[in-house]
Protein chains: 2
Amino acid sequence: MKTFGYAAHSGKAPLAPYTFERREPRANDVVIEIKYCGICHSDIHTVRDEWGAKTYPLIPGHEIAGVVTRVGAGVSKHKIGDVVGVGCLVDSCRECSPCKDHLEQFCEKGMIGTYGSTDKDGTMTQGGYSSQIVVDQDFVLKMPKNLPLDAAAPLLCAGITLYSPLNHWKAGPGKKVAIIGMGGLGHMGVKIAAALGAEVTVLSQSLSKQEDGKRLGAKHFYATSDKETFKKLGGHFDLIINTVSANLDWNQYLGLLKHDGTMVVVGIPEKEVPVNAFSIVMGRRSLAGSLIGGIKETQEMLDFCGKHNITCDIELIPVSKINEAYERVIKSDVRYRFVIDMKTLQA
Amino acid sequence: MKTFGYAAHSGKAPLAPYTFERREPRANDVVIEIKYCGICHSDIHTVRDEWGAKTYPLIPGHEIAGVVTRVGAGVSKHKIGDVVGVGCLVDSCRECSPCKDHLEQFCEKGMIGTYGSTDKDGTMTQGGYSSQIVVDQDFVLKMPKNLPLDAAAPLLCAGITLYSPLNHWKAGPGKKVAIIGMGGLGHMGVKIAAALGAEVTVLSQSLSKQEDGKRLGAKHFYATSDKETFKKLGGHFDLIINTVSANLDWNQYLGLLKHDGTMVVVGIPEKEVPVNAFSIVMGRRSLAGSLIGGIKETQEMLDFCGKHNITCDIELIPVSKINEAYERVIKSDVRYRFVIDMKTLQA
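So, how was this worked out
Residues numbered from 1 in each chain as written. Chains lettered and ligands numbered in written order. Predicted model: local features only at pLDDT ≥ 70, side-chain atom pairs only at ≥ 80, totals over all residues. Heavy atoms only, no water. Helix = DSSP H or I, 4+ residues; strand = E, 2+ residues; numbered from the N terminus. Buried < 20%, exposed > 50% of the residue type's maximum accessible area, 1.4 Å probe, protein only. Contact = heavy atoms within 4.5 Å. Polar contact = N/O pair within 3.5 Å; in protein donor to acceptor, adjacent residues only side chain to side chain. Pairing = 2+ DSSP bridges. Domains from an automatic or database assignment. Buried area = accessible area lost by both parts, 1.4 Å probe. Salt bridge = Lys/Arg side-chain N within 4 Å of Asp/Glu carboxyl O.

## Describing the environment of Glu300(A)
All names here are of chain A.
Working step 1: Positionally, glutamate 300 belongs in helix α10 (residues 295–307).
Working step 2: Judged by relative accessible area, glutamate 300 falls into the partly exposed class, the value being 36%.
Working step 3: Residues glutamate 300 and lysine 214, spaced 86 residues apart in sequence, show a C-alpha to C-alpha distance of 26 Å.
Working step 4: In contact with glutamate 300, other than residues within four places in its own chain, are Tyr163 and Asn167.
Working step 5: Here asparagine 167 takes part through its side chain, which lies 3.4 Å from a polar atom of the side chain of glutamate 300.

## Digging into the pairing of strand β3 (residues 29–38) of chain A
Residue and element names in this part refer to chain A.
Working step 1: Burial runs high along β3: 8 of the 10 residues are buried.
Working step 2: Relative to strand β8 (residues 132–136), β3 runs antiparallel, the two being bridged by 5 bridges. Residue pairing across strands places glutamate 33 opposite glutamine 132, the latter belonging to β8.
Working step 3: Here β3 pairs with strand β4 (residues 64–71) via 7 bridges, running antiparallel. Opposite valine 30, over in β4, you have valine 71 as the bridge partner.
Working step 4: Judged from the 3 bridges that link them, β3 and strand β18 (residues 337–341) form a sheet pairing that is antiparallel. Bridged to glycine 38 within β18 is valine 339.

## Concerning the domain arrangement of chain A
Residue and element names in this part refer to chain A.
Working step 1: Each assigned domain of chain A is listed with its residue range as follows: domain 1 (2–157 + 313–344) and domain 2 (158–289).
Working step 2: Inter-centroid distance (C-alpha atoms) of domain 1 to domain 2 is 28 Å.
Working step 3: Between domain 1 and domain 2, the residue contacts involve 9 residues of the former and 15 residues of the latter.
Working step 4: Both faces combined, the contact of domain 1 with domain 2 buries some 990 Å², and carbon together with sulfur accounts for 45% of it.
Working step 5: Joining domain 1 to domain 2, the criterion identifies 3 salt bridges.
Working step 6: For the pair domain 1 and domain 2, the number of links is 12 residue pairs in polar contact (both at pLDDT 80 or more).

## Here's the deal with the side chain of Thr298(B)
All names here are of chain B.
Working step 1: When you line up the elements, threonine 298 lands in helix α10 (residues 295–308).
Working step 2: On the accessibility criterion, threonine 298 (5% relative accessible area) is buried.
Working step 3: In this structure the side chain of threonine 298 is engaged in a polar contact, spanning 2.7 Å, whose partner is the backbone oxygen of glycine 294.

## Notes on the environment of Val264(A)
All names here are of chain A.
Working step 1: Mapped onto the elements, valine 264 comes out in strand β14 (residues 257–265).
Working step 2: A relative accessible area of 0% places valine 264 in the buried class.
Working step 3: Sequence separation between valine 264 and aspartate 226 is 38 residues; the distance between their C-alpha atoms is 22 Å.
Working step 4: Dropping the residues within four chain positions of it, valine 264 is found in contact with Pro165, Trp169, Leu239, Ile240, Ile241, Asn242, Ala288, Gly289 and Ser290.

Structure representation (structure tokens):
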């Protein structure tokens, strides 16, 4: 099936129009006409070859929202006309222990990523900066009907990346939750943690986003450039979600946890981070990691966001602005997520 | 009350006989005639001034077992003749959030350690290498009647240090638990984890203690000097307790955890340990710390050990051998804990 997209042709070239073939739908496949696709920082790392060698041309995009246009003979979960989404993964082995525990992102044979992964048929997967995509029904999510589809698209990565640890580590009423960083991930953390009933604090480098933070549901907002912040908040939080992939001093933030508190890392710093054993031994604290979420939990997150009317704060752009948007993402100059309007994609 | 003990008179001098005064028992105090006291590696670090400045003379010892000889007027929990124990702490503020959660070891005002701490009356606490000790009844534990008292003494530190994380992180039937290191702490971990019903694996530098490990309850025993160990056991364990305070590569061990597994550090390496975010993000793994245990849990541990007939493997020594024992502890030349026989203490 002839498909149009925007692809990187090398790690150094800007993204450019590209025509390619998607597979004909198999029995369990769903064909989705893509309406919107979010821009994730991972897209940039991947196409720029910063995360290990890839095959080019490569079409990124894993915050995909669209409408079902065809279904295979065995498809029972979705029908033509359904408004659906696809996130970071499009398949997994389905047999290993993590897959059976609904944690397909940790599949022991390796999850099949939405782009740049080798699919079961040996071809390379291509992502959502494109006119359509073909995905096994089990990895297609139902989008909440009440949410604007453009602003809901980034829930598929930014939303689940924050919902999963907040849900797993039980953010909720009576819990003090801090979100480190208020970018694409962090601003979703604020909204979701607040909707879960937690008392939310943003720890941001400066106070420049304070007004936004409070509007999105944060009760408190502190600048981490101010040393007083660390004195004042020592031993304060039940849960901290660190969305910042810059190399922060984790020990300093671990010190902000109450006894039995957990700091969850969802950003991957380039370098290893030195951990002082005292930071975790004192107060029986935990340092944990989390990666997006499984399919079941992603659907749960979408339903939760529908119920609580949660979407991303986005800037909608035409495909022609992708390369410019990339530069702005790198400079953190976006509040808070770019979403590509696919109707601007010319054949 | 005139008391005899073995004290360090400086960070560089060997321990030597020392006569000093204990306070007269107050209303809530229990006076304990010390029968046995274990030698913990912390004793050595502390008296040798490796853990921050202390006041000398200093009497170490926090694995104390003995018999009640006097009680204050308000004491209801213990009576003369009771066989009791004292572990690493003798008091705490009792009002802060950790104290209220029975985690007195994390008291926000600082737990009062059994030796080298400033007590509530301003005096410095002195430990168990001595003829008697005076302790508030709430910090005195009941020793199981069926256990030999000399071999039970180290339960007060080595035992609870391992029981607490094994209990908190739910080692039990169906769980695969690894113990890193088989010294004073590790050998207790093997016994307790096996008694809790877990499948226990020892990860030791060499296979030299393999026979002991299996005798104590380990089902498997691997040498960490063999690189194959890390290949073979990848993604294998639900829980790993790291008892080694040498600077190991934690990332390598985190890779041995199943998804949602936890590695708990109970030894404090001298230097910070570099952590690769991938080690915790992949598989939603946790790196946590644990420090001894609260008083309530310590009593629970003693009762558990009584029920399962668990003691330490010890080498009983006279006080005159303390300095020699210290050298052997440093060389890991003990299977697995020295205990001082206090009847050899001459007035």
